[in-house]
Amino acid sequence: MPAARFFTGTSTMILLSSLLLLPGCKEDPPPAEKPAQDSTATLPGRAEDFDKAEQPWGFIGRNGRFRIPPRFDEVRAFSEGLAAVRLGGYWGYIDPEGRMTIEPQFQAAFPFREGLARVLTYPDSKMGFINRSGEWVIDPGYDQLNDFEEGRARVRVGAQYGYLNGQGALIIKPAFDRASDFQNGTAAVRSGGKYGLIDTLGQWMIPAAYAKTDPMSNRRIRARQKGYYGFLRPDGSTAVPFEWLDARDFANDRAVVSRDSLYQLIDPNGQLITATAYQQLWYVGESFWAFEQEGRYGFIDRNGEEIVPAQFDQLMSFSEGLIPYRMGRRWGYLHQDGRVITPPEFFLAWGFSEGLARVATRNGMAFIDTTGAIAIPTNFQDVRDFSEGLAPGR
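Predicted, not measured: the structure shown is a model, and the values here were computed from it. (Residues numbered from 1 in each chain as written. Predicted model: local features only at pLDDT ≥ 70, side-chain atom pairs only at ≥ 80, totals over all residues. Heavy atoms only, no water.)

A. Geometry of the overall build of the protein chain. In terms of regular secondary structure, the protein chain is built from one helix and 38 strands. By residue count, 48% of the 394 residues in the protein chain fall in the buried class. In the protein chain, the share of contacts with a sequence separation of at least 24, taken over all contacts with a separation of at least 6, comes to 35%. When the accessible surface of the protein chain is summed, it comes to about 17,700 Å², and 48% of that surface belongs to carbon and sulfur atoms. (Helix = DSSP H or I, 4+ residues; strand = E, 2+ residues; numbered from the N terminus. Buried < 20%, exposed > 50% of the residue type's maximum accessible area, 1.4 Å probe, protein only. Contact = heavy atoms within 4.5 Å. Areas by Shrake-Rupley, 256 points an atom, 1.4 Å probe, with all protein chains shown as cover.)

Below is the structure:
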């Protein structure tokens, strides 16, 4: 096997390990706290600016063999039965048999969502949406578009944001200088320097009267006014008083809050769930929250019960009942009940998808199953997660 198919040298391992040592497990700022994403900020340039892959990409099946032979310069995961692939400077789409169903012609191509895919055209770098047949559903006339969420796609027209419906109509006229994607039937928008919430028809649900707001989560809306966070009900009344210096959105009827530098959990009425206050506390999925105490990490359940004490150097997020943990420079997996599924033996570890998780071993990239056993051995230089039964690999 050529040496290029394996990670060789301690410097490469240290570099890879450092990627997961970054604070990626902490929560991102909520949508309303960051500028509306500029989808064109990192878009590719001319066709001749694309690099040809030294080692091409294909797609592997669960048996570990290439189901679609490596021949692409770049690929994206399958979504709604199609995957975006690049040949030279042009993107198109293939089906699970590797047939080119939409010929390479785009400057950029994104996964299908809600039956449509966002693409960027040559030579004018305009965005629109195509269907699975490659036909234009929304003509490419926009400098910035986001993918559809709940039947609405955020669009920028000039300096203002609005929303398209699936037929391309501006169902919500561009009238906001900041806007989030829709979530639970609501979007956070800014108008006149203040934030509020609108519904999918553009009607005000929460008037623009707050320094920050988020889309609704668990029928609670995080908002900030006069330097403090609280939570609103859908009718705009206050459910949790504005008394917290920091707060996170509700998840499974629990929210992380802080009055000082320590964090606790509250219920939807603002009652404290945890008796202990933690240096850090964040949601890691599947009704669990990771916490930090004196540089070590553990996790609690929604009742504030400590499932795993603070003993690990890092925790990521749960997926399919398991969570990656780090001890020293190696990674392993824990069960929801705290059982160690694998010892800390991997150089890198990712979440599970479709029953398999990527791991970096001394000999290369592999997949393990939920028992910790190697399901697909280390035959690849690089792989991505499984989606719809196929995983990008090379």
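Back to the text.
B. Structural detail: the pairing of strand β28 (residues 296–301). Within β28, five of the six residues are buried, which leaves it mostly tucked inside the rest of the structure. As defined by bridge partners, strand β27 (residues 288–293) adjoins β28 across six bridges and the pair is classed as antiparallel. The residue bridging Ala290 from the neighbouring strand is Phe299, located in β28. Here β27 folds back onto β28 in antiparallel fashion, the turn holding two residues, of which Glu294 has a positive phi close to 50 degrees. In this sheet, strand β29 (residues 306–312) lies alongside β28 in antiparallel orientation, the contact comprising three bridges. From the neighbouring strand, Tyr297 faces β29, where its bridge partner is Phe312. Adjacent in sequence and paired antiparallel, β28 and β29 are bridged by four residues, among which Gly304 carries a positive phi angle near 85 degrees. (Pairing = 2+ DSSP bridges.)

C. Structural context of the packing of aromatic side chains. Going through the model one piece at a time under the given rule, you end up with 20 aromatic pairs. For the ring pair Phe66 and Phe380, a centre distance of 5.7 Å and an interplane angle of 80 degrees mean the geometry is edge-to-face. Remark: Phe380 occurs in strand β37 (residues 374–380) and Phe66 occurs in strand β2 (residues 66–72); sequence separation between them is 314 residues. Given the relative accessible area of 30%, Phe66 is considered partly exposed. (Phe/Tyr/Trp six-rings, centres within 6.5 Å; stacked < 30°, edge-to-face > 60°.)

D. Examining the pattern of salt bridges more closely. Across all of its chains, the model carries 17 salt bridges by this definition. Asp143 is paired through a salt bridge with Lys126; the nearest N and O atoms lie 2.7 Å apart. Taken as a pair, Asp143 in the loop between β10 (136–142) and β11 (144–149) and Lys126 in the loop between β8 (116–120) and β9 (127–130) lie far apart in primary sequence, 17 residues in all. In this structure Asp143 comes out as partly exposed when scored by relative accessible area, which is 37%. Of the charged contacts in the structure, one is a salt bridge between Asp177 and Arg190, with a shortest N-O distance of 3.2 Å. Pair noted here: Asp177 is in the loop between β14 (170–176) and β15 (178–179) and Arg190 is in strand β16 (residues 187–191), with a separation of 13 residues, a long-range link. Judged by relative accessible area, Arg190 falls into the partly exposed class, the value being 21%. Sharing partners across several salt bridges, the network here consists of Glu74, Arg76 and Arg86. (Salt bridge = Lys/Arg side-chain N within 4 Å of Asp/Glu carboxyl O.)

E. Just the sheet that holds strand β25 (residues 264–266), in detail. One open sheet holds the three strands; their spatial order is β23-β24-β25, and the pairing between them is antiparallel. Looking at which strands have only one partner, the edges of the open sheet turn out to be β23 (246–247) and β25. Where strand β24 (residues 255–258) lies against β25, three bridges are found, and the strand directions are antiparallel. Paired with Val256 across the strands is Leu265, a residue of β25.

F. How the structure looks around the sheet that holds strand β13 (residues 160–164). Strand order in the open sheet made by the four strands is β11-β12-β13-β14, with antiparallel pairing throughout. The sheet is open, and its two borders are formed by β11 and β14, each paired with just one other strand. Mean inter-strand twist for the sheet, computed between neighbouring axes without regard to direction, equals 20 degrees. Bridge count between β11 and strand β12 (residues 152–157): four bridges; the pairing is antiparallel. By the bridge assignment, Phe148 is partnered in β12 with Ala153. (Axes fitted to C-alpha atoms, helices over the stretch in contact; angles between N-to-C directions.)

G. Up close: the side chain of Thr121. With respect to the helices and strands, the residue Thr121 is situated in the loop between β8 and β9. Those residues in contact with Thr121 that sit more than four places away from it in its chain are Gln107, Lys126, Trp136 and Pro140.

H. Structural view of the pairing of strand β22 (residues 238–244). As paired strands, strand β21 (residues 228–232) and β22 are joined by three bridges and run antiparallel to one another. If you follow Leu232 over to β22, its bridge partner there is Thr238. As consecutive antiparallel partners, β21 and β22 are separated by five residues, and within that stretch Gly236 has a phi angle of approximately 95 degrees, a positive value.

I. The environment of Asn165, seen in detail. Mapped onto the elements, Asn165 comes out in the loop between β13 and β14. For Asn165, a relative accessible area of 12% gives the class buried. Sequence separation of Asn165 and Phe148 is 17 residues, and the distance between their C-alpha atoms is 8.4 Å. Those residues in contact with Asn165, other than ones at most four positions away along the chain, are Ile138, Phe148, Gly151, Arg152 and Ile171. Polar contacts involving the side chain of Asn165 include one to the main-chain amide nitrogen of Ala169, which spans 2.9 Å. (Polar contact = N/O pair within 3.5 Å; in protein donor to acceptor, adjacent residues only side chain to side chain.)

J. Looking closely at the confidence of the model for the protein chain. With 87% of its residues at a pLDDT of at least 70, the protein chain reaches an overall mean of 90. Under a pLDDT of 50 for its full length, residues 1–41 has, in the predicted model, 77 contacts with residues more than four places off or in other chains. (pLDDT = per-residue confidence, 0-100.)

K. Layout of the environment of Glu103. Mapping Glu103 onto the fold places it in strand β6 (residues 100–106). Taking C-alpha positions, Glu103 is 8.8 Å from Tyr90, a pair spaced 13 residues apart along the chain. If we skip the residues at most four places from it in the chain, Glu103 touches Trp91 and Gly92.

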